[in-house]
Amino acid sequence: LSELPPLEDVARPPAPPREDAQPPERDGGDAPGDPQEWLDVLGSGLLKKKTLVPGQGVDTRPQKGQDVTIRLKATLEDGTVVEEDPALTFTLGDCDVLQALDLCVQLLEMGETALIVSDAKYCYGAQGRSPDIPPNASLTLEVELLAARDAPDLELLSGREKVRLANRKRERGNYFYQQADYVLAINSYDIALRIIGSNSKVDFSPDEEAELLDVKVKCLNNLAASQLKLDHYKAALKSCNLVLEHQPENIKALFRKGKVLAQQGEYREAIPILKAALKLEPSNKTIHAELSKLVKKHADQRNVETEMYRKMLGNPSASGTPRKCKDKLPWSIPWKWLFGATAIALGGVALSVVIAARN
């Protein structure tokens with residue numbers, strides 16, 4: 001349904017520090033007795049990790065797609081604690097949590113405790129998190145990796161479990177959409193749709209099937225909205241059509257399909273779709289406004305086309321002064337006109353022959 005740019009690559013851990021190397025100065029200072037340097041995870045200085053308590057070895061690091069459990073403590077630059085969770089569980093690499101965690105936890109060894117200093121870009125960004133995290137706030141995260149296990153087999157999940165998992169990914173997509181991070185929103189909706197569309201070895205009840213369809217339609221509608229924000233019109237149109245295959249009278253899908261077609265200049269196709277949506281919900285002011293705007297644009301478009309054809313066909317000017325036909329017929333006269341004139345002429349000749357024969 002969409003092609004997403006990959007997340008920023010994670011830098012490789014540096015070579016072991018030299019004895020004379022000194023860690024960079026950071027607010028809050030280094031942990032006592034800690035020989036490790038700060039690791040610049042992305043190479044930009046915006047996300048750094050430092051080991052406080054060593055883990056059980058590199059081969060114990062978790063892999064993307066695994067469900068990991070961590071102990072988390074998050075503080076602002078002034079030391080205010082804004083979040084504590086003794087056992088936070090999420091799927092690594094699915095953007096279920098702060099990007100700072102998604103990018104750094106994959107570098108932790110089992111049992112390791114690390115300090116992560118992150119720019120707001122990889123936390124709560126320009127929006128912040130009301131009421132405790134202000135906009136553009138950097139965070140310091142103390143993280144301990146407690147467990148890592150393979151994610152559950154989607155084929156063995158019950159209908160309720162699939163609905164619950166897909167809804168969690170959809171809600172994460174809604175969060176990113178509200179943060180105006182439409183790329184990550186698309187990523188979360190895509191993951192939810194893959195969960196719903198995965199094969200199953202378990203029979204679902206009719207109610208479970210209906211719930212899965214409902215989540216699928218919500219994800220596709222939200223996916224179309226995100227794709228529309230990024231001007232991915234072809235992908236957005238496909239998402240709308242998938243909704244309408246299941247629910248031909250889905251107002252959101254009809255409205256967004258009309259908007260996509262309008263953005264592509266297809267006013268003639270967009271107007272009847274918006275009219276269908278308005279018929280389903282006559283009091284919807286948003287549809288009213290969009291339809292009125294499109295009708296006017298379509299009228300302007302037709303006027304431009306009419307003027308263009310008038311110039312091409314060489315019609316009389318606005319002064320009304322007739323012009324004599326010179327030379328041969330202009331190339332711009334449509335062929336159907338020539339065929340019509342030829343037919344009339346042949347008809348006249350045939351009529352003359354019949355009259356002559358009778359005389």
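How each quantity is defined
- Residues numbered from 1 in each chain as written.
- Predicted model: local features only at pLDDT ≥ 70, side-chain atom pairs only at ≥ 80, totals over all residues.
- Heavy atoms only, no water.
- Helix = DSSP H or I, 4+ residues; strand = E, 2+ residues; numbered from the N terminus.
- Buried < 20%, exposed > 50% of the residue type's maximum accessible area, 1.4 Å probe, protein only.
- Contact = heavy atoms within 4.5 Å.
- UniProt positions renumbered as here; feature names shortened; annotations may be inferred.
- Patch = residues over 30% accessible without salt bridge, like charges linked within 9 Å, V, L, I, M, F, W, Y side chains within 5 Å.
- Areas by Shrake-Rupley, 256 points an atom, 1.4 Å probe, with all protein chains shown as cover.
- Salt bridge = Lys/Arg side-chain N within 4 Å of Asp/Glu carboxyl O.
- Expected span 1.5 Å × (residues − 1).
- Pairing = 2+ DSSP bridges.
- Axes fitted to C-alpha atoms, helices over the stretch in contact; angles between N-to-C directions.
- Parallel < 35°, antiparallel > 145°, perpendicular 65-115°, else oblique.
- Nonpolar A, V, L, I, M, F, W, Y, C, P; charged D, E, K, R; others polar.
- Core = buried A, V, L, I, M, F, W, Y, C linked by side-chain atoms within 4.5 Å.
- Polar contact = N/O pair within 3.5 Å; in protein donor to acceptor, adjacent residues only side chain to side chain.
- Left-handed = near helix turned anticlockwise from the far one by under 90°.

## Focus on the overall build of the protein chain
Next, step 1: Along the protein chain, the regular secondary structure elements total nine helices and six strands.
Next, step 2: By the burial criterion, 37% of the 359 residues in the protein chain qualify as buried.
Next, step 3: For the protein chain, the proportion of contacts with a sequence separation of at least 24, taken over those separated by at least 6, is 64%.

## A look at the UniProt feature "repeat: TPR" (unreviewed entry) in the protein chain
Next, step 1: Those places that UniProt annotates as "repeat: TPR" (unreviewed entry) correspond, in this numbering, to residues 251-284.
Next, step 2: Secondary structure within residues 251-284 divides into 79% helix and 0% strand; the distance between the first and last C-alpha atoms comes to 10 Å.

## Structural notes on a nonpolar patch on the surface
Next, step 1: A contiguous nonpolar surface patch, about 310 Å² in accessible area, is contributed by Met308, Tyr309 and Met312.
Next, step 2: Checked against the element boundaries, methionine 308 lands in helix H8 (residues 285-313).

## A short note on helix H5 (residues 233-246)
Next, step 1: Between its terminal C-alpha atoms H5 stretches 20 Å, which fits the 20 Å expected from 14 residues at 1.5 Å a residue.
Next, step 2: Where H5 is buried, its residues touch helix H4 (206-229) and helix H6 (251-263).

## Notes on the sheet that holds strand S4 (residues 81-91)
Next, step 1: Read across the sheet, six strands follow the order S1-S2-S5-S6-S3-S4 without closing on themselves; strand pairing throughout is antiparallel. In the strand order of this sheet, the two ends are held by strand S1 (39-40) and S4, each with one partner.
Next, step 2: Note that strand S5 (residues 113-118) and strand S6 (residues 139-150) share six bridges and pair antiparallel. The residue bridging valine 117 from the neighbouring strand is threonine 140, located in S6.

## Looking at the packing of helix H2 (residues 159-178) against helix H3 (residues 182-197)
Next, step 1: H3 packs onto H2 with a crossing angle of 170 degrees between their chain directions and a minimal axis gap of 7 Å. Relative to H3, the element H2 is oriented roughly antiparallel. Residues Lys162, Leu165, Ala166, Lys169, Arg170, Arg172, Gly173, Asn174, Phe176 and Tyr177 of H2 touch H3, and the partners they reach there are Tyr182, Leu184, Ala185, Ser188, Tyr189, Ile191, Ala192, Ile195 and Ile196.
Next, step 2: For the contact of H2 with H3, a count of residues per class yields twelve nonpolar, three polar and four charged.

## As for the pattern of salt bridges
Next, step 1: Scanning all chains against the criterion turns up eleven salt bridges.
Next, step 2: Between glutamate 142 and arginine 71 there is a salt bridge, and its shortest N-O distance comes to 3.3 Å. Of this pair, glutamate 142 sits in strand S6 while arginine 71 sits in strand S3 (residues 66-75), and the two are 71 residues apart along the sequence.
Next, step 3: The partly exposed category is assigned to arginine 71, whose relative accessible area is 25%.

## Here's the deal with the nonpolar core
Next, step 1: Within the largest apolar cluster, 39 residues are counted, with the highest numbers of intra-cluster contacts made by Ala166, Val215 and Leu294.
Next, step 2: Looking at this core element by element, the count peaks at nine residues for H3.
Next, step 3: For leucine 294, the contacting residues outside a window of four places in its chain are Gly258, Ala262, Tyr267, Ala270, Ile271 and Leu274.
Next, step 4: Grouped together as the second largest cluster of nonpolar side chains are 34 residues, Leu76, Cys104, Leu107 and Ala137 included.

## So, the environment of leucine 76
Next, step 1: Counting through the fold element by element, leucine 76 comes out in the loop between S3 and S4.
Next, step 2: Sequence-wise, leucine 76 and aspartate 132 are 56 residues apart; in three dimensions their C-alpha atoms are separated by 9.4 Å.
Next, step 3: If we skip the residues at most four places from it in the chain, leucine 76 touches Val82, Asp132, Ile133, Pro134, Ala137, Ser138 and Leu139.

## Let's talk about the side chain of asparagine 284
Next, step 1: Relative to the helices and strands, asparagine 284 resides in the loop between helix H7 (267-280) and H8.
Next, step 2: Among the polar contacts made by the side chain of asparagine 284, one reaches the main-chain amide nitrogen of isoleucine 287 at a distance of 3.1 Å.

## Brief notes about the pairing of S4
When a strand is regular, its side chains alternate between the sheet's two faces.
Next, step 1: Direction of pairing for S3 relative to S4: antiparallel, over a ladder of eight bridges. In the strand pairing of S4, valine 68 is matched with phenylalanine 90.

## Quick look at the packing of H2 against H4
Next, step 1: One way to put it is that H2 packs onto H4 with a least axis distance of 10 Å and a crossing angle of 20 degrees. Of the possible angle classes, the one that applies to H2 and H4 is roughly parallel. For the element pair H2 and H4, the recorded crossing hand is left-handed. Of H4, the residues touching H2 (which contributes Gly159, Arg160, Lys162, Val163, Ala166, Asn167, Arg170, Asn174 and Tyr177) are Asp207, Glu208, Glu211, Leu212, Val215, Lys218, Cys219, Asn222, Ala225, Ser226 and Lys229.
Next, step 2: Considered class by class, the residues forming the contact of H2 with H4 number seven nonpolar, five polar and eight charged.

## Topic: H3
Next, step 1: Its 16 residues give H3 an end-to-end C-alpha distance of 22 Å, which sits within 8% of 22 Å, the value for a rise of 1.5 Å per residue.
Next, step 2: Of all 16 residues in H3, 13 are buried, a share of seventy percent or more.

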